[in-house]
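Coordinates in review
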Amino acid sequence: MEPEGPKTVRVAIPEIRRMMPDVLRMVGIPFGQAEICAELATWTEAAKGGTIVFLRDHRERLEWIPRPRALVLAEDPGEFVVDARGGSWLELGPAILGFAMANASRAGYAAGSVRNVFGELFIRYLESAAARHRYKFQARPVAAGGTGPAAVEAQGEYQVSCVLGAEPRSVSADEARYRAKLVSGLDIPEDEFLYFRSLHEMLRVPTSQRSRSHAG
Amino acid sequence: MVSSFRPTDPSSPVTALPLPPTGGIGAQGPGWSLPNWVLPLLPDFIREEADAVASMLRPADEIMSASALHSMTASRLSFANTLMDRMVRKHWAITLQECEVKADATGYLGYELAVEGRTYSFGVFSNPPMPPDHVSLFRDTQTDFFAAFVDGPLDRARMERECAEFDRELWRGRTDEKALGWTIARRSRVFDAVVSSLASGRQPDRQLVIDSGGYLIRNGGYYGNGRMGTAAWISYADEDSPLSVPYYIDALCLYLWRVASFDVADAAARAVNKAAVRLDDDFRRYFGIGNSSGLGTIAALIRWPARVSAMVLSRELAFAYVKSRPGTPEPGAVAKLIRLLSRARDSYATALDPGAGLVEPRLTVAAAIDAIIGDVRDLESSWHTRPPQRPWCELIERASRHGSREAVELVHALLLELYPEVDALQRVQRDGAIRPLEIAPEMSLNDLCALIEREFSWALDVAFAENGSREFFWYRSEENGENRRGERPVDLGVERETFVDVAGIVRRLYDFVVSDPGPTVGHFLLREPEHMLAVARVQLAATSPYSELRANVIDRHFRASDGIRCFLTLLGLELPAPASARWVRGVFYRGAPLPAEVAAGKGSEWIFPRLPAAETEDRQESVGT
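Anyway, here's the lowdown on the structure attached to this text.

So, how was this worked out
Residues numbered from 1 in each chain as written. Chains lettered and ligands numbered in written order. Predicted model: local features only at pLDDT ≥ 70, side-chain atom pairs only at ≥ 80, totals over all residues. Helix = DSSP H or I, 4+ residues; strand = E, 2+ residues; numbered from the N terminus. Buried ≥ 20, exposed ≤ 12 C-beta atoms within 10 Å, placed from the backbone. Contact = placed C-beta atoms within 7 Å. Rg over C-alpha atoms; globule rule 2.2 N^0.38 Å. Pairing = 2+ DSSP bridges. Axes fitted to C-alpha atoms, helices over the stretch in contact; angles between N-to-C directions. Parallel < 35°, antiparallel > 145°, perpendicular 65-115°, else oblique. Nonpolar A, V, L, I, M, F, W, Y, C, P; charged D, E, K, R; others polar.

With that settled, consider the overall build of chain A. Scanning chain A from terminus to terminus reveals ten helices and seven strands. Seen through its C-alpha atoms, chain A measures out along the principal axes to roughly 60 × 50 × 35 Å. For chain A, buried positions account for 48% of its 216 residues. By sequence separation, contacts in chain A at least 24 residues apart represent 71% of the contacts at least 6 residues apart.

Listed below in structure tokens is the structure:
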């Protein structure tokens, strides 16, 4: 008899998307970013998997305060160097993509590097989002001092390029998977789902008699 | 009270990047052009005159202000109304297949729906009633009625499992994608009296019906689109699907509750006395389904600006189209309008008045409608000697002299009944609702500032330093996540507040960017990413008109009931009646066709029904006891 696999929970993407902003707030991402980053986080969970595990594994680092603010170390037409100062692609990815697109919109092309950043998992979303707006965005880890995901994360440096006016490309495998999951839903290991839901519910406020009088 | 769906479909043909040249519907009023994404969605007969129609659109500062929300009414384009129209046109069949109800009105009812080649089922469980004085709240752990709406034929065992899961886990329960949603409801205070009446062989007393507020049971909310493991709306929202329009499934479940309310009452009366009379069709038609919605509605309304835009824009486009109609109206149009206005007047004259400034006094509205009926007659007689250029524009202008904004809104809404072709604007409703909230990083900061000044001058005008301007915050309680509103200076939980403060985030964004030397939004957000949400909303407002309530909702003086009313009337709620500044009650589907009529394709002009004639209640039937 084959051993049973881990128990899973079927979850619809809108359910994850609806909960995600609150979940991101509970790992320290300010609400002004959480709504935008939630799209990235949800897409990644659907298309590639791993968002919830990432939140669990990196929660302490994500919660670090003061919040990371990226710094532009150098910028010339078509070139830039950005220091993410310990932030993640999850939290700063949309802002970095926007910066690259703004640069590319002026010079037609922008290339550079992003340092001191982690969470490579989320880059595929950024590439997909850029493609929807006719940009070709790429971020590739700088290889140095070893191989494998751990080495990449330790290095934390990415070569980035963004080209304006890229030809519309066919739907990527990730994007196709995301669209399919929109219809079918996701099977998430139960422990991951319960962790995710517990983060979501942490944003709720303890009740009291006075609090009850606020209902409406 | 209704579910929200998440429009995440990336195949949506619209995009916010890069922003087209803007021409918003802000304080400037007429003179702007329609956003680019709207034009392909317009029916030909409107697209051909897009400029003329656009020139009649009302400014967002006028339509989305707190005072305007206070007067909003349902219209032909409200979701419940367009759904009803589709149900009748497509002969939807709703059949009660199983009914096991005891004398205390507890039991089970199973419905099957044959809908445009598809089969759905609706299983209702009627529980012992809550105490009569119980105020229903989301934190409740029991409910009078529970129902599951499932894709596929009726399956009693499945319905039992859905109900058991809800009983065990409430809103933390899990189902699967065959279930489209769960919904709950509660008996009205006259439910038992109606059952007693039927059991004793009499139709309900007319005064009882008036006192009932027009319903036997009250909806307590529909929860689907992925909640508890239900199917995602997008999974059954393909273009041809009967439920492809946002909120149709919510509106359908409301209708099913209405149907169930009659069947439970009838069955309970029969269980008491086999010779009980059946609730007369005239009463059935008059009764709608009650609804009560609270603070969570405000959070939903603010969370989804694209949906608000789509709902209001389609409606305003319809109003503008009607007002731009030239020449003398078709024969019969005036008579129909007067008929509808008369029924509306009578409904207002007899409706319960919540008082305390929560609505315009009902009698004031009724009197204004009466005066407007006179205006219509005057205008019609003048058309013989002076053919009108734009007759309905003239009528609206006159109507606005009678001191009731709600009456003016009502005239707008009723005029749509003369032009059923405006239903084609549902495409704007559907596609506009799934516009993504995205950022155009290429925009210059100067343009962003100009955009804020144009579209959010109302937010920049808020006196944030004034005492009470930031009084409230919204939050979700640990009790089922119930939405609540606390007072910022004294209550715990501010750090976990639900986002509703649009005016605040836009003000802070403006303060940051107004003197920022950075060239683009992309540069700015790299340094200040916390402003992403504000930037996205500002940019969306440029191309999705009417997306924002133009009110500081956390101000001490803001009546949440006005915002709740806005949402509910867009869904189709008639005669909103706030129970307080935090709750709005009202009725859906009052006067709507009954299932047999729907299946037969019959039913039109059902809004603002008249109370059944006195003879209905006098129609005594002998009862063997």
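Further remarks concern the overall build of chain B. Along chain B, the regular secondary structure elements total 25 helices and eleven strands. At 25 Å, chain B has a C-alpha radius of gyration in line with the 25 Å of a compact globule built from 625 residues. Looking at chain B residue by residue over its 625 residues, the buried ones come to 55%. Long-range contacts, defined here as pairs at least 24 residues apart, represent 76% of the contacts in chain B between residues at least 6 apart.

Attention now goes to the sheet that holds strand β2 (residues 107-115) of chain B. Backbone hydrogen bonds hold the strands of a sheet together, and the pairing may be parallel or antiparallel. Residue and element names in this part refer to chain B. Within the open sheet, the nine strands sit side by side as β1-β2-β3-β4-β5-β6-β7-β11-β10. Their pairing is mixed. Each edge of the open sheet is held by one strand with a lone partner, namely β1 (93-101) and β10 (574-580). Taking the axes of each pair of neighbouring strands and ignoring which way they run, one obtains an average angle of 25° across the sheet. In the sheet, strand β4 (residues 145-151) pairs with strand β5 (residues 179-187) via six bridges, with the strands oriented antiparallel. Among the inter-strand pairings, alanine 148 is bridged to a residue of β5, identified as tryptophan 182.

With that settled, the discussion passes to the interface of chain B and chain A. Taken residue by residue, the interface counts 59 residues in chain B and 43 residues in chain A. When residues of the side of chain B that touches chain A are traced back to their parent elements, those giving at least two are β8 (472-476), β9 (483-487), α21 (521-527) and α22 (532-543) of chain B. Sorting elements by how many residues they give to the side of chain B that touches chain A places α21(B) first, with six residues.

All names here are of chain B. Contact geometry for helix α20 (residues 502-513) and α22: axes closest at 9 Å, N-to-C directions at 100°. With respect to α22, the element α20 is oriented roughly perpendicular. Contacts between α20 and α22 involve Val502, Ile505, Val506 and Leu509 from the first element and Leu533, Ala534, Val535, Arg537 and Val538 from the second. The class makeup of the residues in the contact of α20 with α22 is eight nonpolar, no polar and one charged.

Take unusual backbone geometry next. With glycine set apart, most residues show a phi of negative sign, and most peptide bonds adopt trans. Following A:Ile65, the chain continues to A:Pro66 via a peptide bond in cis, the omega torsion being 0°. Notably, B:Glu116 is not glycine yet its phi reads approximately 50°, a positive angle. Within the fold, B:Glu116 resides in the loop between β2 and β3 (118-126). On the neighbour-count criterion, B:Glu116 (13 C-beta atoms within 10 Å) is partly exposed. Even without a glycine there, the phi angle at B:Leu575 is positive, about 50°. Relative to the helices and strands, B:Leu575 resides in strand β10. Under the C-beta neighbour-count criterion, B:Leu575 is labelled buried, with 23 such atoms within 10 Å.

The next point concerns the environment of B:Ser244. Residue and element names in this part refer to chain B. Mapped onto the elements of the fold, serine 244 is located in the loop between β6 (215-224) and α9 (248-272). Residue classification places serine 244 among the partly exposed positions, given that 16 C-beta atoms sit within 10 Å. For the pair serine 244 and proline 326, spaced 82 residues apart in sequence, the C-alpha separation works out to 34 Å.

What follows deals with the sheet that holds strand β4 (residues 109-115) of chain A. All names here are of chain A. The five strands lie next to each other as β2-β3-β4-β6-β5, forming an open sheet whose pairing is mixed. The open sheet has two edge strands with one neighbour each: β2 (71-76) and β5 (135-141). When the angles between neighbouring strand axes are averaged without regard to direction, this sheet yields 15°. Direction of pairing for β4 relative to strand β6 (residues 158-164): antiparallel, over a ladder of six bridges. Pairing of valine 114 across the sheet is with tyrosine 158, part of β6. Sitting on the sheet, helix α5 (residues 89-107) is in contact with β3 (79-83), β4, β5 and β6, with an inclination near 45° to β6. Against the sheet, helix α6 (residues 123-132) engages β5 and β6, with an angle of about 165° to β5.

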